[in-house]
Amino acid sequence: MRQTVARSGFTPAFLLALLVSFLVALSPAAASAAAADPTAVREDFVNTNLHRIFDLTNPTILREHSTVVIKAVNDAKDYYLSVPAEIADKSLAIVEVEVRKSKGEKGDKAVVMKDKYDASRSAQLYKVKLSSTLKKDESVYLIVNAAYTHAVHPYPKEVAQKDMQHLEHTGNAYFWSPYHSERQKTTVRLPSADILRFSAQPDPVTKSGNVVTYGPYDNVEPYAKGTLHVHYADPKAILVVTSLERKMEISHLGANLAVQEDYELHHEGAKLKGHFSRVDYSFTQWTHGNTNVVKDLTITLPPGAKHVFFRDTIGNVSTSNLRAEREQSTLQIRPRYPIYGGWKYTWHHGYNVPTKNFLKQDSKTSEFVFRVPFIGGLPNVTIAKAVVSIVFPEGAQNFKIRKPFDMDRVTERITHTYLDTTGRPTIVFEKHNVVDEHSQPLLITYELPVIHLIQKPLAVTAAFLGLFLLGAIYSRLDLSISKDPRAEQEHLMQAYRSTVHGLTQAETKLLSKLNGIFESLKSDRRLDDYRHATGEIEQTIRDGWASLLAAAKNAEESIAHKLHLSTADSSAPAISTPSPAAQLAGHIRHLQRLQEERLTRIRAMHEQVVNVSKDPGLTSDQRRELTDALAVQETEIDALGEKIKEAGKKVTGNY
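What this report covers is the structure whose coordinates are included nearby.

Parameters at a glance
Residues numbered from 1 in each chain as written. Predicted model: local features only at pLDDT ≥ 70, side-chain atom pairs only at ≥ 80, totals over all residues. Heavy atoms only, no water. Axes fitted to C-alpha atoms, helices over the stretch in contact; angles between N-to-C directions. Helix = DSSP H or I, 4+ residues; strand = E, 2+ residues; numbered from the N terminus. Parallel < 35°, antiparallel > 145°, perpendicular 65-115°, else oblique. Left-handed = near helix turned anticlockwise from the far one by under 90°. Nonpolar A, V, L, I, M, F, W, Y, C, P; charged D, E, K, R; others polar. Pairing = 2+ DSSP bridges. Phe/Tyr/Trp six-rings, centres within 6.5 Å; stacked < 30°, edge-to-face > 60°. Buried < 20%, exposed > 50% of the residue type's maximum accessible area, 1.4 Å probe, protein only. Salt bridge = Lys/Arg side-chain N within 4 Å of Asp/Glu carboxyl O.

So, the packing of helix α9 (residues 580-613) against helix α10 (residues 620-652)
Step number 1: Relative to each other, α9 and α10 sit at 165°, their axes nearing to 9 Å. Classified by the angle between their axes, α9 and α10 sit roughly antiparallel to one another. As for how α9 packs across α10, the hand of that crossing is left-handed.
Step number 2: Here the contact of α9 with α10 is composed, by residue class, of 15 nonpolar, seven polar and seven charged.

Structure follows, in structure tokens:
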């Protein structure tokens, strides 16, 4: 022995050190240090019984319903679910867990959150937080519901227009758990018993009608794998909404919620082989149920929906039917063309609905509470990207958002619509890979001061007043680059015409008053008072004549001055013809002379009557001669009045 050791070069001291190192490596501390993998899951639980159901009756969404009985090996509160990373990133839409103390008892919804990533197994872990710590050897029921998209694929990928579509799904026959499972079973529920083939391993695998059962399996190790494959017939379409934009506008004044949804739908089922034949489509209507063609879509709307519209990229589509019921309204739309595999259809629809079912006000805090489903309307489709925008009234503030699930992105912005001033606050929610299970209510509370309820009417009133004010200012502004002398001259002449027109009207009224006083004194036989009674009126008339002459002079001088300035600024030669101002002044003076002559004749006629009234000894012949003379004078005065009218027209023109 000594020789062997010596020949090998190992001394006793070296062998002793090697033995000590080996014992240290086997110690508990070293063992825990070796196991300190940050992505490892502690085996605090064991799955005592597990039953998983795959529901493939809807080809668009694969739904998994699992009942897991777990038992605590150690005191623990966090249970982990594991999903292959590729499926978690691209296919898993939602996972929810309900905790029950017994199988038939109603449980509580547990908090499920995305946790660490196990790189060694390419596994994404999800932490399930139990409501309380589970003591050792205690058991509870976990009801796990998950939804997967893009889990079913057509095979063959192309079919003829009249052929049946076949689909296939490949998965794991075992529940991929980080814990040991004492017993588990997987049930695959298919849409019909027309199953072309299914994987027969891992044994046992049984088929009964439209159900294929894998298991039960005993003592399944963590992260066990076994291929599950089914190939079956299903004519239903695989519908994927590549883009959904849902916009909601809240109106407090109108108590209305306006909703518009923009869809871009893609049929991801087996593609149509060859060209589409309208003739074959028409003659095989009774077999359309055996193909994956989509002829119409049914959309669920809230109760009380009104002003419903349905339009596509071309315009309004009249092939729709709205059925209003007490619990809900149903909109059945028929696209312009049947949708086969690989085809797309884009449309948008909208409606108005009263806010009473969605908006409430807290009587204590005066806050408004808005509750609305995240999505809704078109069931059993996968939404690759959903963008939900909620437009609040102007002045809304202090938002508090309660989300039923995690969003990929939440942003706030300002939306400007008609008659807005400061803009309407808008909250935008964005999420990818959305399914029906995401039709859960968003809850948003906000404040809206009373002054903001009348903000829009006040803004409209201020806008109209501002327009009127701008119009008034604009009408009084001279925006011309250079002044037009002819326009200014015409403006001044028009002003003097207005003045002359007023004076002429006043003179006519004074003459009528003068004649009235004369006739009154004549009937009362008080003509002796004539001169005294009419003196003031005559003086007023003479003052009017003075104003007329002043107007003629001012018109001639001011307009001539304007023309002189404009002529001095221009290089045009002066014209010797009488100016319009001189002509106007001449017409005014002529009018004044005619008015003066008429008053003189009227006064003379009146004086003649007054003098005759003082002589009572007139004979009948003398009286006849006097009457004839007065008639001639009245005729001359009337003729003079016509001349005055003509002269006045020359002065005032079309004023």
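Considerations on the sheet that holds strand β1 (residues 45-55)
Within a beta sheet, neighbouring strands are joined by backbone hydrogen bonds and run either parallel or antiparallel to one another.
Step number 1: In spatial order, the strands read β5-β4-β8-β2-β1-β12-β15-β14; together these eight strands make up an open sheet with mixed pairing. Two strands in the sheet have a free side with no partner beyond their single neighbour: β5 (108-109) and β14 (205-208).

A look at the packing of aromatic side chains
Step number 1: Under the counting rule described, the total for this entry stands at 19 aromatic pairs.
Step number 2: Look at Phe-45 and Tyr-179: their rings are 5.8 Å apart centre to centre, the planes differ by 85°, and that puts the pair in the edge-to-face class. Residue Phe-45 is located in strand β1, and its partner Tyr-179 is located in the loop between β11 (166-172) and β12 (181-189); the two are separated by 134 residues in the primary sequence. For the pair Phe-45 and Tyr-179, one class covers both residues: buried.

What about the pairing of β1?
Step number 1: Counting buried residues along β1, eight of its eleven residues qualify, which places the element largely inside the surrounding structure.
Step number 2: Bridge analysis of β1 against strand β2 (residues 61-72) gives ten bridges, and the strand direction is antiparallel. By the bridge assignment for β2, Leu-50 is matched with Val-68.
Step number 3: Remark: five residues form the turn of the hairpin made by β1 and β2, two consecutive strands paired antiparallel.
Step number 4: Sheet analysis places β1 next to β12, joined by seven bridges and oriented parallel. From the neighbouring strand, Leu-50 faces β12, where its bridge partner is Gln-184.

Here we look at the pattern of salt bridges
Step number 1: This model, assessed by the stated rule, comprises 24 salt bridges.
Step number 2: Between Asp-44 and Arg-42 there is a salt bridge whose closest N-O contact spans 3.5 Å.
Step number 3: Given the relative accessible area of 10%, Asp-44 is considered buried.
Step number 4: Since its relative accessible area comes to 59%, Arg-42 is described here as exposed.

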